[in-house]
Amino acid sequence: MNVMTAARSPLTPDAPPRPGLRERKKIRTREAIRTAAYALVEQQGYDATTIEQIAERAEVSPSTVFRYFPAKEDIVVTDEYDEPLLAELAARPADEPWTDSVRYVIRKAVRLAMTEQPEVTALRARLMREVPAVRARMRETVTGVGRTLAEAIAARTGLDPEGLEVRVHATALVGGLLEATMYWAEHGHREDYADLADRALDVIEHGLPTGKG
């Protein structure tokens, strides 16, 4: 859900089985490519940063970069947090209201992002705002993430994951958090990111606030 980066998955309540050597090598490679890309973009800007430069700094070949990330934008917009987030949602108490479960997981994810890698979190949000290609790619990923979230909602509620209501709710959640991220970047990262995410969830759950009379 595009909260943060690769190597750790601290959201899961119980530590998952240690991945095998091959998977650990893939994780390290993805992390190296992301770290190289973020450093270069910070130094010289997104447009000036090339796949060849990223590959050189990450000490891999350009073909390896493309094997892990089909386009440069994917380095920015993808992360390793979707599965831990869904696992965390699945582990919440069965009698907990769905909206409370979602709020708990999102708060935890945002707090972790801001505690562990605040600079990268801010950079990703800024690139989403400033670079049309990154923003477009991020919006493309919303559909896929929304479908995955719809399956999690269906598993929790017993509703049809292909039902209109579930699909609308899942897409609204992902889109609302995306807009909160954009808003945060547009306002110079001055506001608390977790509070903005909370406000987005409030709108999805309760609708627009009542206007002043």
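Refer to the structure presented above.
These numbers come from a predicted model, not from an experiment.

Moving on, we get to the overall build of the chain. Tallying secondary structure elements over the chain gives ten helices and zero strands in all. Within the chain, the proportion of its 213 residues that are buried is 42%. Residue pairs at least 24 apart in sequence account for 71% of intrachain contacts in the chain once pairs closer than 6 positions are excluded.

Over its 14 residues, helix α10 (residues 193-206) extends 20 Å from the first C-alpha to the last, a length consistent with the 20 Å expected when each residue adds 1.5 Å. Regarding α10, the residues found buried are Tyr 193, Ala 194, Leu 196, Ala 197, Asp 198, Ala 200 and Leu 201. Contacts from the buried residues of α10 go to α6 (98-116), α7 (118-130) and α9 (164-186). Where α10 ends, the next residue or the one after it, Gly 207, has phi of about 90 degrees, a positive value.

Enumeration over the complete set of coordinates arrives at 16 salt bridges. Ionic pairing is found between Arg 137 and Asp 74, a salt bridge with its closest N-O pair at 2.6 Å. Of the two residues, Arg 137 is situated in helix α8 (residues 132-157) and Asp 74 in helix α4 (residues 72-77); the sequence distance between them amounts to 63 residues. Residue Asp 74 is classed as buried on the basis of its relative accessible area, which comes to 5%.

The next point concerns the packing of aromatic side chains. Using the criterion set out here, one finds one aromatic pair in the structure. Ring plane angle 5 degrees and centroid distance 4.3 Å describe the contact between Trp 184 and Tyr 193, whose orientation is recorded as stacked. Residue Trp 184 is classed as buried on the basis of its relative accessible area, which comes to 3%. Cation over ring: Lys 72 sits above Tyr 46, and NZ or CZ is 4.2 Å from the ring centre.

What follows deals with the environment of Ala 200. Note on placement: Ala 200 falls in helix α10. Spatially, the C-alpha atom of Ala 200 lies 9.9 Å from that of Thr 181, the residues being 19 residues apart in sequence.

Definitions and cut-offs
Residues numbered from 1 in each chain as written. Predicted model: local features only at pLDDT ≥ 70, side-chain atom pairs only at ≥ 80, totals over all residues. Heavy atoms only, no water. Helix = DSSP H or I, 4+ residues; strand = E, 2+ residues; numbered from the N terminus. Buried < 20%, exposed > 50% of the residue type's maximum accessible area, 1.4 Å probe, protein only. Contact = heavy atoms within 4.5 Å. Expected span 1.5 Å × (residues − 1). Salt bridge = Lys/Arg side-chain N within 4 Å of Asp/Glu carboxyl O. Phe/Tyr/Trp six-rings, centres within 6.5 Å; stacked < 30°, edge-to-face > 60°. Lys NZ or Arg CZ within 6 Å of the ring centre and 35° of its normal.

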